[in-house]
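Here is how the chains run, residue by residue.
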Amino acid sequence: MKNCLPGLGLALFLSLTLAAPANADACSYRMGPFVTQDAARAAAQQARYLGFEASGVWGQGGLYSDWSNRRYFFNVFYEC
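## A short note on the overall build of the chain
Next up, step 1: From N to C terminus, the chain includes 2 helices and 4 strands.
Next up, step 2: Traced from its N-terminal end to its C-terminal end, the chain shows the element sequence α-β-α-β-β-β.
Next up, step 3: Residues classed as buried in the chain amount to 29% of the 80 residues present.
Next up, step 4: Carbon and sulfur atoms form 57% of the exposed surface of the chain, whose accessible area is close to 5600 Å².

## Here's the deal with the packing of aromatic side chains
Next up, step 1: Inspection of every chain in the model, using the stated rule, returns 2 aromatic pairs.
Next up, step 2: Relative to phenylalanine 74, the ring of phenylalanine 34 lies with its centre 5.9 Å away and its plane at 20°, an arrangement referred to as stacked. Linking phenylalanine 34 in strand β1 (residues 28-34) with phenylalanine 74 in strand β4 (residues 71-77), this pair joins segments that are 40 residues apart in sequence. Neither residue differs from the other here; phenylalanine 34 and phenylalanine 74 are each classed as buried.
Next up, step 3: Across the ring face of phenylalanine 73, the terminal group of arginine 30 is positioned such that the distance to the ring centre comes to 4.1 Å.

## Quick word on the side chain of serine 55
Next up, step 1: Of note, serine 55 is situated in the loop between β2 (53-54) and β3 (58-60).
Next up, step 2: What serine 55 contacts, discounting residues up to four positions off in sequence, is Ala44, Arg48, Phe74, Asn75 and Phe77.

## Examining the nonpolar core
Next up, step 1: Counting residues in each nonpolar core, the largest one holds 12 residues, listed as Met31, Phe34, Ala40, Ala43, Ala44, Ala47, Phe52, Ala54, Tyr72, Phe74, Val76 and Tyr78.
Next up, step 2: Secondary structure elements with two or more residues in this core: β1, α2 (37-49) and β4.

## Some words on unusual backbone geometry
Next up, step 1: Note that the residue after glycine 32, namely proline 33, is joined by a cis bond; omega there is 10°.
Next up, step 2: Position of proline 33 relative to the elements: it lies in strand β1.

## Digging into α2
Next up, step 1: For α2, spanning 13 residues, the distance from its first C-alpha to its last is 18 Å, which sits close to the expected 18 Å at 1.5 Å a residue.
Next up, step 2: Those residues of α2 that sit buried are Ala40, Ala43, Ala44, Gln46 and Ala47. Down the axis of α2, the buried set is contained in an arc of 155°. They therefore lie on one face. With respect to the buried face of α2, the exposed residues turned more than 90 degrees away are Asp38 and Tyr49.

## Some words on the pairing of β4
Next up, step 1: For β4, the tally of buried residues reaches 5 of 7 residues, placing the bulk of the element in the interior.
Next up, step 2: Pairing of β1 with β4 involves 5 bridges; the strand directions are antiparallel. Within β4, the residue paired with tyrosine 29 across the bridge is valine 76.
Next up, step 3: With 2 bridges connecting them, β2 and β4 associate as antiparallel partners.

Rules of the game
- Residues numbered from 1 in each chain as written.
- Predicted model: local features only at pLDDT ≥ 70, side-chain atom pairs only at ≥ 80, totals over all residues.
- Heavy atoms only, no water.
- Helix = DSSP H or I, 4+ residues; strand = E, 2+ residues; numbered from the N terminus.
- Buried < 20%, exposed > 50% of the residue type's maximum accessible area, 1.4 Å probe, protein only.
- Areas by Shrake-Rupley, 256 points an atom, 1.4 Å probe, with all protein chains shown as cover.
- Phe/Tyr/Trp six-rings, centres within 6.5 Å; stacked < 30°, edge-to-face > 60°.
- Lys NZ or Arg CZ within 6 Å of the ring centre and 35° of its normal.
- Contact = heavy atoms within 4.5 Å.
- Core = buried A, V, L, I, M, F, W, Y, C linked by side-chain atoms within 4.5 Å.
- Expected span 1.5 Å × (residues − 1).
- Arc of directions from axis to C-beta.
- Pairing = 2+ DSSP bridges.

This is how it looks when you write it as structure tokens:
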């Protein structure tokens, strides 16, 4: 796990550097989808460790169908 954390940090940094906010008021980037809630929580914790503010994790999909379709996301906030 420790070997992939620098790669995840670099990917997060590049994503935020290259991402343009949807509008001037929204300086956030949705991260995901993650297959498991634990994976999303670990990625959010890594973002916080790198100095970014991160939201809580939420799931989408799988409510009325197979739970295996559920995917997890979180937002990372940054200065515009």
